[in-house]
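Here is how the chains run, residue by residue.
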Amino acid sequence: MVYPWIEQTGCCELVLKSLSSSVVNWEQVGVVRKAERPEEANLLIIGGWINPEQAQNLKEVYDRMLKEKLVIAVGSCALSAAAFANDENCVAAKEILPVHYFVPGCPPRWDDILKGISAISKIGMQNKTVRDILNDSGNDHVF
Amino acid sequence: MSIVKRPDIKSSWYVTSIVKGMALTFRNMIYNIFHKDEMPTVNYPEEKYEYGPRFKGSHILTVKKDGSIRCTACMLCATNCPADCISITAAEHDDPEVEKFPISYEIDTLRCVYCGFCEEACPVDAVRMGPEWQQPGLNGSSFVHDIQHLTRRPNLKGGYLSILDEEERHNSGI
Amino acid sequence: MLKCTVNGKEIEVAEGTMVIEAFKQAGEDIAHYCWHPGLSVAGVCRLCMIEVEGAPRLMIACNTQVTEGMVVSNNSAKVQEAVKWGLDFHLINHPLDCPICDQAGECGLQDQYMKFGQYDPEMAERKVKKRKVVDLGRKIVLDTERCILCSRCVRFTDEVTKTSELGIFNRGDRSEIGTHEDKPLDNDYAVNVVDICPVGALTSKDFRFKQRVWYLDNDSTVCNGCSTGCNVNVYYNEKGYFRVKPEHNKDINDYWMCDKGRNIFKHVNKENRLLKAIKKTEAGTQMMAPGAAAKDVASLIKNYSSDQVAVVFTGQYTNEEYEDAMMYIDKLGTKKVYHWVNNSESFDDFDGILLRGDKNPNTAGLIKALEAKSLNSTWEQLEAELNSGAIKLVILAGPELQEYFPDIQEKIQLFSKAENLVVLSSNPNPAYRDVDYLIPMKTFVEKKGSFTNFAGTVQKIQKMRLVVSQALSLGEAMQLMAGDELQIGASL
């Protein structure tokens, strides 16, 4: 059961937006619903290129998420910044955060991203409701 | 001077638009119940989406008729790659007809942007972008594909034959 | 001086120059394969066509002398058509070897095809197949199919080395370059034929298939193999150093260099270098950073008086390093500075072309630096003092090219008679195993400076890509050992 929060810039936005559409249904691989705030999310999906302001933003979002969290990096710019290797404005995601799953491609097919979510959701939390998760997480604000 | 049509009285009753919207939703739902195979949703792990024949997926290195690798380590693919993901080391072959061949050919899939420039640049049809999807993996699996994986992984069923054959070319006199 | 007009430009040339040299002097492009400024004129490739005003047909530029008031041009459509057809004849039997040929990127046929050719071949006959990968000795591989029979290599072995090993065999379109019965091409200047061959027919075994030419940068410097000091271009990229080619210098080496100088990049690459300083302790060896080891030596020197310290130099460092070193030796106060010469009897050997017997690039510079400080101790004095125990610490500035110093083992044994031995060297050697301090040094491509050759000419060397950035230069090492600190922004 995962509650994803998506950080996307650039061309990977197109495929990440389609993940929750009716054609590509991510509820079949373990997503309950999209998190409304980072405080409720336990999966962070990073797509697109990352420049230094975005890197700062990502760190803050990562700190706000629930305690047991997982990260998927999507697309070649987030994985290794190879297309912009000569530009110091683009960094790879694994230099900012610990990444658990890599999905290569430019942009990757939604099949591969769903494969990643289903592989990871088996590691994630099971059989708990949102209220249980929030109460266990020890955050100050509770419903 | 522009002519503005005054909105008629019915549009201020929000109930009508709610009813119209719900009618649309229920019409689609009942259609989907009776025509289940025409639903656009792809049920992911059981159904997979079919891509076209020119889909640019994982790379394949082709082989010649006798099973040896077609690539001659000319390094044109590594020069043309915009993401610098190909590294090749050349070596001398014992047969003087085949002078040069690669002893190490590595593609780093985390850097690759799957553009197809390497396939365009190759003069002997040695590198192709195959029909398999890119392989995602957990942190720690190997994302660098070497010759063994590119040429002879089990999905390829023994190796793809190259369309450019040296023997035919020599026999035809070029 | 004669006046002539080349492609619309008016220039003045000396008597007896050929038109192709006038083109080079005016800076105009002209296609040519068989002409080389260092060899005699052959006129076999028929590509350097020019149009001379007043002559009915096109003439070749390499064998036509300039006359007064000549008007020459090669940018009309008639000349370009003629060059295109000349190129077509060269390409009739040329194999499709560009992916496997080393010359791709600097090939004469590729360059001229892009300028004048770009046509569809209309040849209907089959290509003639000849022998490939013929082994011609220690350094060269011949491919007879790719040869366009410009005969530059034949003229080179006839005129420059005067050994006449190469020749053209068979006739017509079966002609091949080769040696008689495939004997090895083993004179001391053989690899120059690889440089002058415009196509990939002759390739060097050391460089074969190592890198593609468009990945390499190059810089000019001076060879450190012997005291002639030939000007060379060294090719490198971030993976290392790959080859050495000669550069034209009309006083010293003309267009050529010897084979021994082709190996001077091998000791620079990282796998053959010392990376960290090694200090011998009671418990074994300890690795240190080079600067830290030099400072350790400085504290060791303080225990001895200034006449118990001896410094031994070889002639392999630059003039600026010797000046800096002499300054710090003054500061140390020792007068016991020796010059290690291992083959002084054969110093004046000269084989007639380029090789000399003195295998150090900068002997003259070292002798001048020593005389400037009037340090003239002899080798016998060193041996006597070592045997009697008057010298307690020896600092040896070791050789970079260790193959010319075959007596390293004996000399190290001699120097080990002192209590402490400090060796400054860029490459490891089994003889250095029991030395007290072994400090890595920079090689000649990693420093700026100048060498003085046998005739007294001072030539500059350039700094290229650093391989071991921690290593010290001789001036820095002596500065640290004399107790000073290095300044930021110090040269070398």
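For the structure itself, consult the block above.
Parameters at a glance
- Residues numbered from 1 in each chain as written.
- Chains lettered and ligands numbered in written order.
- Predicted model: local features only at pLDDT ≥ 70, side-chain atom pairs only at ≥ 80, totals over all residues.
- Helix = DSSP H or I, 4+ residues; strand = E, 2+ residues; numbered from the N terminus.
- Rg over C-alpha atoms; globule rule 2.2 N^0.38 Å.
- Buried ≥ 20, exposed ≤ 12 C-beta atoms within 10 Å, placed from the backbone.
- Contact = placed C-beta atoms within 7 Å.
- Pairing = 2+ DSSP bridges.
- Nonpolar A, V, L, I, M, F, W, Y, C, P; charged D, E, K, R; others polar.
- Core = buried A, V, L, I, M, F, W, Y, C linked by C-beta atoms within 7 Å.
- Axes fitted to C-alpha atoms, helices over the stretch in contact; angles between N-to-C directions.

**Student:** Any chance you could explain the overall build of chain B here in plain terms?
**Tutor:** Tallying secondary structure elements over chain B gives five helices and six strands in all. Counting helices and strands in the order they occur from the N terminus, chain B gives α-β-α-β-β-α-β-β-β-α-α. The globule rule puts the C-alpha radius of gyration for 174 residues at 16 Å, and the 28 Å found for chain B is more than 25% above it. Taken across its 174 residues, chain B has 24% of its residues classed as buried. Of the contacts formed within chain B by residues at least 6 apart in sequence, a portion of 70% connects residues at least 24 apart.

**Student:** Hey, could you run me through the sheet that holds strand β3 (residues 70-74) of chain A in this one?
**Tutor:** Paired through their backbone hydrogen bonds, the strands of a sheet run either parallel or antiparallel. The mixed open sheet is built from five strands, whose spatial order is β1(A)-β2(A)-β3(A)-β4(A)-β5(B). Looking at strand neighbours, the two that pair on one side only are β1 (4-8) of chain A together with β5 (137-138) of chain B, the edges of this open sheet. Bridge count for strand β2 (residues 43-47) of chain A against β3 of chain A is five bridges, and the pairing is parallel. Bridging from a neighbouring strand, isoleucine 46 of chain A pairs with alanine 73 of chain A of β3 of chain A.

**Student:** Mind showing me how you'd approach the interface of chain B and chain C here?
**Tutor:** As a measure of interface size, the accessible area lost when the parts come together is often cited. The interface is formed by 14 residues belonging to chain B together with 11 residues belonging to chain C. Ranked by the residues each element gives to the side of chain B that touches chain C, the list is headed by strand β2 (residues 86-92) of chain B, at three residues. Residues belonging to the side of chain B that touches chain C are distributed by class as follows: eight nonpolar, three polar and three charged.

**Student:** Any chance you could explain the environment of lysine 130 of chain C here in plain terms?
**Tutor:** Residues and elements named next belong to chain C. Mapped onto the elements of the fold, lysine 130 is located in the loop between α3 (108-116) and β6 (134-135). Spatially, the C-alpha atom of lysine 130 lies 13 Å from that of arginine 171, the residues being 41 residues apart in sequence. When near neighbours in sequence (up to four residues on either side) are disregarded, lysine 130 contacts Thr144, Glu145 and Glu176.

**Student:** How should I be thinking about the interface of chain A and chain B in this particular structure?
**Tutor:** Listed as interface residues are 27 residues of chain A and, on the opposing side, 24 residues of chain B. When residues of the side of chain A that touches chain B are traced back to their parent elements, those giving at least two are α3 (76-80), β4 (101-103) and α4 (110-121) of chain A. Among the elements that make up the side of chain A that touches chain B, the one with the highest residue count is α4 of chain A (five residues). A class-by-class count of the residues in the side of chain A that touches chain B yields 15 nonpolar, eight polar and four charged.

**Student:** How should I be thinking about the nonpolar core in this particular structure?
**Tutor:** Side chains that are nonpolar tend, in soluble globular proteins, to be buried together. Among the nonpolar cores identified, the biggest contains 74 residues, and Val19, Ile20, Cys48, Ala61, Ile140 and Val234 of chain C are the most heavily contacted of them. Beyond its immediate chain neighbours, meaning those up to four positions away, valine 234 of chain C contacts Asn218, Asp219, Thr221, Tyr241, Val244, Phe265, Val445 and Met464 of chain C. Counting 72 residues, the second largest nonpolar core, distinct from the first, contains Met65 of chain A together with Ile69, Cys74 and Leu150 of chain B.

**Student:** Mind showing me how you'd approach the pairing of strand β22 (residues 458-461) of chain C here?
**Tutor:** Along any regular strand the residues' side chains alternate between the sheet's two faces. All names here are of chain C. For strand β21 (residues 449-452) and β22, the ladder comprises four bridges, and the chain directions are antiparallel. Its bridge partner lying in β22, phenylalanine 451 is registered against glutamine 459. Turn length for the β21-β22 hairpin, with the two strands adjacent in sequence and antiparallel, is five residues, and the turn residue glycine 456 shows positive phi of about 95°.

**Student:** Would you explain the pairing of strand β3 (residues 100-108) of chain B in this entry?
**Tutor:** All names here are of chain B. Looking at chain direction, β2 and β3 are connected through seven bridges and run antiparallel. The residue of β3 that forms the bridge with alanine 90 is proline 102. Pairing between β3 and strand β6 (residues 144-145): two bridges, direction antiparallel. Bridge pairing links isoleucine 107 to histidine 145 in β6.

**Student:** Would you take a moment to explain the sheet that holds strand β1 (residues 2-6) of chain C for this structure?
**Tutor:** Residues and elements named next belong to chain C. On the basis of which strands lie adjacent, the open sheet formed by five strands has the order β2-β1-β5-β3-β4 and mixed pairing. A strand with exactly one partner marks an edge of an open sheet, and here the two such strands are β2 (9-13) and β4 (59-60). As paired strands, strand β3 (residues 49-52) and strand β5 (residues 70-73) are joined by two bridges and run antiparallel to one another. Each bridged residue has a counterpart across the sheet, and for glutamate 51 the counterpart in β5 is serine 73. Of the strands in this sheet, β1, β2, β3 and β5 are in contact with helix α1 (residues 19-26), which crosses β2 at around 120°.

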